[in-house]
Amino acid sequence: MSGVGSAFGAVAQSSLVTALKRYSRSWGLWLLLLVGPIGARFFVGRDDGSSVTIAVGNHLPVLTSAMLGVSLGIVVSTLLLPVAFLYLRANTTRCQPWQIEEVSPASRVAITLGRFGADMLVLFGVLAALNLGGWLLGWLVITVEPVNFAQISFALWLVAAPAVMGLAAIRQLFDALPWTRRALGDFLYLWVWLASIAVPAAAQHMPAGFASNMYDFAGFVRPLVYGAPAGSDDFAIGGVDALPGRVSLDVMAGLLSPGYIPSRLAWAAIAVALAAFAGLLYRPHRSAKRRWYATLADRLTAQPVPPRANPNAPPASAARVPLLELLRAEFTLIGGGRLLLLLGLGAAIAGLAADYRHVGSAAANLWLIFALTAHAGRTEPKGLRALTMTTALSPTLRRAAFVAAGMVWALAMALPGALWNADAARLPLALATGGVVALVSMALSAVSGSGFAARMLLLVVWYGYLST
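Residues numbered from 1 in each chain as written. Predicted model: local features only at pLDDT ≥ 70, side-chain atom pairs only at ≥ 80, totals over all residues. Heavy atoms only, no water.

Colleague: An account of the packing of helix H5 (residues 108–141) against helix H6 (residues 149–176) is needed here, citing residue identities and associated values.
Modeller: The interhelical angle for the contact between H5 and H6, taken along N-to-C directions, is 150°, at an axis separation of 9 Å. Here H5 lies roughly antiparallel to H6, going by the angle between them. The two elements H5 and H6 meet at a crossing, and its hand is right-handed. (Axes fitted to C-alpha atoms, helices over the stretch in contact; angles between N-to-C directions. Helix = DSSP H or I, 4+ residues; strand = E, 2+ residues; numbered from the N terminus. Parallel < 35°, antiparallel > 145°, perpendicular 65-115°, else oblique. Left-handed = near helix turned anticlockwise from the far one by under 90°.)

Colleague: Would you mind going over the pattern of salt bridges in detail, with residue names and values included?
Modeller: The tally for this structure, following the rule as stated, stands at seven salt bridges. With its nearest N and O atoms 2.8 Å apart, the salt bridge here joins Asp 119 to Arg 171. Taken together, the positions of Asp 119 in helix H5 and Arg 171 in helix H6 put the pair 52 residues apart, joining distant regions of the chain. Pair check on accessibility: Asp 119 and Arg 171 agree, each one buried. (Salt bridge = Lys/Arg side-chain N within 4 Å of Asp/Glu carboxyl O. Buried < 20%, exposed > 50% of the residue type's maximum accessible area, 1.4 Å probe, protein only.)

Colleague: Give a detailed account of the nonpolar core, specifying residues and quantitative values.
Modeller: In terms of nonpolar packing, the biggest core is built from 99 residues, with Val 76, Leu 81 and Leu 224 touching the most fellow members. For this core, the leading source of residues is H6, giving 17 residues. Once residues within four sequence positions are removed from consideration, Val 76 is found in contact with Leu 81, Leu 127, Leu 130, Leu 156, Ala 160 and Val 164. (Core = buried A, V, L, I, M, F, W, Y, C linked by side-chain atoms within 4.5 Å. Contact = heavy atoms within 4.5 Å.)

Colleague: Help me get a handle on the confidence of the model for the protein, residues and values and all.
Modeller: Predicted confidence across the protein gives a mean pLDDT of 81, with 84% of residues reaching 70 or more. Across the protein, element-level confidence peaks in helix H11 (residues 260–281) with a mean pLDDT of 93 and bottoms out in helix H12 (residues 292–301) with 61. (pLDDT = per-residue confidence, 0-100.)

Colleague: Let's hear about a nonpolar patch on the surface: which residues, and what values?
Modeller: Residues Trp 179, Leu 184, Phe 187, Leu 190, Trp 191 and Leu 194 make up a contiguous nonpolar surface patch of roughly 630 Å² in combined accessible area. Along the polypeptide, Leu 190 turns up in helix H7 (residues 183–202). Judged by relative accessible area, Leu 190 falls into the partly exposed class, the value being 37%. (Patch = residues over 30% accessible without salt bridge, like charges linked within 9 Å, V, L, I, M, F, W, Y side chains within 5 Å. Areas by Shrake-Rupley, 256 points an atom, 1.4 Å probe, with all protein chains shown as cover.)

Colleague: Residues and numbers for the packing of aromatic side chains, please.
Modeller: Counted under the stated rule, the structure contains eight aromatic pairs. Plain terms: the ring middles of Phe 124 and Trp 157 are 5.5 Å apart, the flat faces sit at 70° to each other, and that makes the pair edge-to-face. Of this pair, Phe 124 sits in helix H5 while Trp 157 is found in helix H6, placing the two residues 33 residues apart along the sequence. An angle of 65° between the planes, with centres 5.6 Å apart, marks the rings of Trp 135 and Phe 149 as edge-to-face. With Trp 135 in helix H5 and Phe 149 in helix H6, this pair connects stretches of sequence that are 14 residues apart. (Phe/Tyr/Trp six-rings, centres within 6.5 Å; stacked < 30°, edge-to-face > 60°.)

Colleague: Lay out helix H15 (residues 356–379) with the relevant residues and their values.
Modeller: Taking the largest bend as the criterion, H15 deviates by roughly 30°, centred on Ala 362. With 18 of 24 residues buried, H15 is to be regarded as a mostly interior element. (Bend = angle between axes of the 7 residues up to and from the residue.)

Colleague: Hey, could you go over unusual backbone geometry for me, with residue numbers and the actual values?
Modeller: Note: most residues except glycine have negative phi, and most peptide bonds are trans. You will see that Ala 422, though not glycine, has its phi angle at about 50°, which is positive. With respect to the helices, strands and loops of the structure, Ala 422 is situated in the loop between helix H17 (395–421) and helix H18 (426–448).

Colleague: For the environment of Leu 366, give the residues involved together with the corresponding values.
Modeller: Of note, Leu 366 is situated in helix H15. In sequence terms Leu 366 and Leu 458 are 92 residues apart; their C-alpha atoms lie 8.9 Å from each other. Among residues more than four places away in sequence, those in contact with Leu 366 are Leu 34, Leu 459 and Trp 462.

Colleague: Any details on the packing of H5 against H11? Residues and values, ideally.
Modeller: For the pair H5 and H11, interaxial distance at closest approach is 7 Å and the crossing angle is 135°. By the angle between their directions, the pair H5 and H11 is classed as oblique. H11 is crossed by H5, and the crossing has right-handed handedness. On the side of H5, the interface is formed by Arg 108, Val 109, Thr 112, Leu 113 and Phe 116, while H11 contributes Ala 271, Val 272, Ala 275, Ala 276, Ala 278, Gly 279 and Leu 280.

Right under this line is the structure:
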């Protein structure tokens, strides 16, 4: 039995590590990390009407640290879960070596639990990013009390962690059956997600306890209604006209109410059991014709094919203006790839909006963060530095050209909006923000040897730029 258990653990560990390595190469993961913090900006109640309404008794709740944590949990339930499901189904792990795995003697349950663990850790990473964004948002908007970062984290993770574990388990269940691996599985999940939001409303007036809380997979109902004043425990999210004034909720009492924490632990255990059950239900694949949209996505993300080398070509002559050619090369490499160019065009179109500060500038800087950190990460690995030092132009000049090219890209995306709105003040802002992104991208990439640290820092700064 010990040999069987060790083999089971080895297979699960191998599946987990392999999936995590593939996730580390996924560009979509960085976009998924942004969904929660951006959603938090619009789900945290503000008196200026700029947020999605979360009302209790037709009043906005007083924004405390615990209430902010629950609001972030609502972001997960209403916004992140469907987006994360689409990501899990479409990211780099969607293609598996099933031709090998399905004929191997390895336990299917172990393989499934390993992949479930990888999905869960990735989604926990998203929650961690949302947690950091919540701390920053709390520091900016909570005024009724000192910000309690521990309460924000406790409320968020208690509400959201079992929900994302359930999402990861549902993904494994749908991937286990041939008829739910494609569009039908996506359609079914839509109804599962809608039910997870609608069913808890039917149990909001039930007495607090383990049984009533088990109706609430999303986990946000009891914290909202348990500590509400008598007669004001009806809650609504979204389409409701809130009355003037705010209602005070004892959110921590709701989080610690009878049966709530055991129910969240029970949902987490159900998620693990469901993932194991998916391994037992697993059915083999059948070969299918490649879909047209997959081919289109490959074409959009592919780099342009370089011209074929000509062995009879004469030696290349020296550039007439080396610095200008270096700047042109850096500019071209930053925007390399059809997808990046299309996204850059979208950022320029967003700059046509009247509110450039929160629309066009935010979109352009987000594009710059991904494009600049990617190129800086390609050019600053430690093994490549010795080679670049042998070129005619020094690495310092190349880095300066990188920063200048980044500012040119920022200016290019801001120029259409400036001309359309006759607003020349946009151009200095674009140059300033583009210069900051380029400088940070190059400096941190040169120090660390990759673009990871710069991307993480810049995304946090970008979120603060968007929220203020």
